[in-house]
Amino acid sequence: MANQGKQVTYVCDASDVSEYGVFTMESGNNKRMMFEKRIKSYCNHWVDRIEPGRVRLSYLYKFGPDLIGPSTGSVPRKDTEGSSIFRSMP
């Protein structure tokens, strides 16, 4: 997509882009390619929600260490509001 002139953003829950690439010797080349193509990255994030015109990302470690009472459909830890919004480009 970057070769087609589109703005690309890479989102992963790992601490580094191409984390396993350290073992296969691909990590450096992947990062150089991303830099050359101006591909942005958000590590330690995941996609919370996709909405028209934007994607909501959450920081993977935004939840505090203390457990709270369990409830259906939520993480049993205090949310420290570590969300960010990434607006997609047309």
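Below is a short write-up of the structure. (Residues numbered from 1 in each chain as written. Predicted model: local features only at pLDDT ≥ 70, side-chain atom pairs only at ≥ 80, totals over all residues. Heavy atoms only, no water.)

Side note on unusual backbone geometry
So, step 1. One non-glycine residue, Met25, lies in positive phi territory at about 65 degrees.
So, step 2. Within the element layout of this structure, Met25 appears in the loop between α1 (21-24) and α2 (27-36).
So, step 3. With relative accessibility at 71%, the residue Met25 sits in the exposed group.
So, step 4. Here Arg38, not a glycine, exhibits a phi torsion of approximately 60 degrees, which is positive.
So, step 5. Checked against the element boundaries, Arg38 lands in the loop between α2 and β2 (40-42). (Helix = DSSP H or I, 4+ residues; strand = E, 2+ residues; numbered from the N terminus. Buried < 20%, exposed > 50% of the residue type's maximum accessible area, 1.4 Å probe, protein only.)

Thoughts on the nonpolar core
So, step 1. Counting residues in each nonpolar core, the largest one holds 7 residues, listed as Val8, Cys12, Ala14, Val17, Met34, Ile39 and Cys43.
So, step 2. Those residues in contact with Val17 that lie beyond four places of it in its chain are Tyr10, Ser27, Lys31, Met34, Ser41 and Cys43. (Core = buried A, V, L, I, M, F, W, Y, C linked by side-chain atoms within 4.5 Å. Contact = heavy atoms within 4.5 Å.)

Focus: the side chain of Ser58
So, step 1. Along the chain, Ser58 turns up in strand β4 (residues 54-59).
So, step 2. Within the local environment of Ser58, its side chain forms a polar contact with the side chain of Lys62, the two groups lying 3.5 Å apart. (Polar contact = N/O pair within 3.5 Å; in protein donor to acceptor, adjacent residues only side chain to side chain.)

Looking at the environment of Ile50
So, step 1. One can find Ile50 in strand β3 (residues 45-51).
So, step 2. When the C-alpha atoms of Ile50 and Tyr61 are compared, they prove to be 20 Å apart, with 11 residues separating the residues in sequence.

A word on the pattern of salt bridges
So, step 1. Counted according to the given criterion, the structure contains 3 salt bridges.
So, step 2. Put simply, Asp16 and Lys31 hold a salt bridge, and the shortest N to O gap is 2.7 Å. Separated by 15 residues along the polypeptide, Asp16 in the loop between β1 (9-11) and α1 and Lys31 in helix α2 bring together distant segments of the chain.
So, step 3. Take Asp16: its relative accessible area is 28%, and that puts it in the partly exposed class.
So, step 4. Assessed through its relative accessible area of 34%, Lys31 is described here as partly exposed.
So, step 5. Ionic pairing is found between Arg49 and Glu51, a salt bridge with its closest N-O pair at 3.0 Å.
So, step 6. A single network of salt bridges, built from pairs that share partners, joins Arg49, Glu51 and Arg54. (Salt bridge = Lys/Arg side-chain N within 4 Å of Asp/Glu carboxyl O.)

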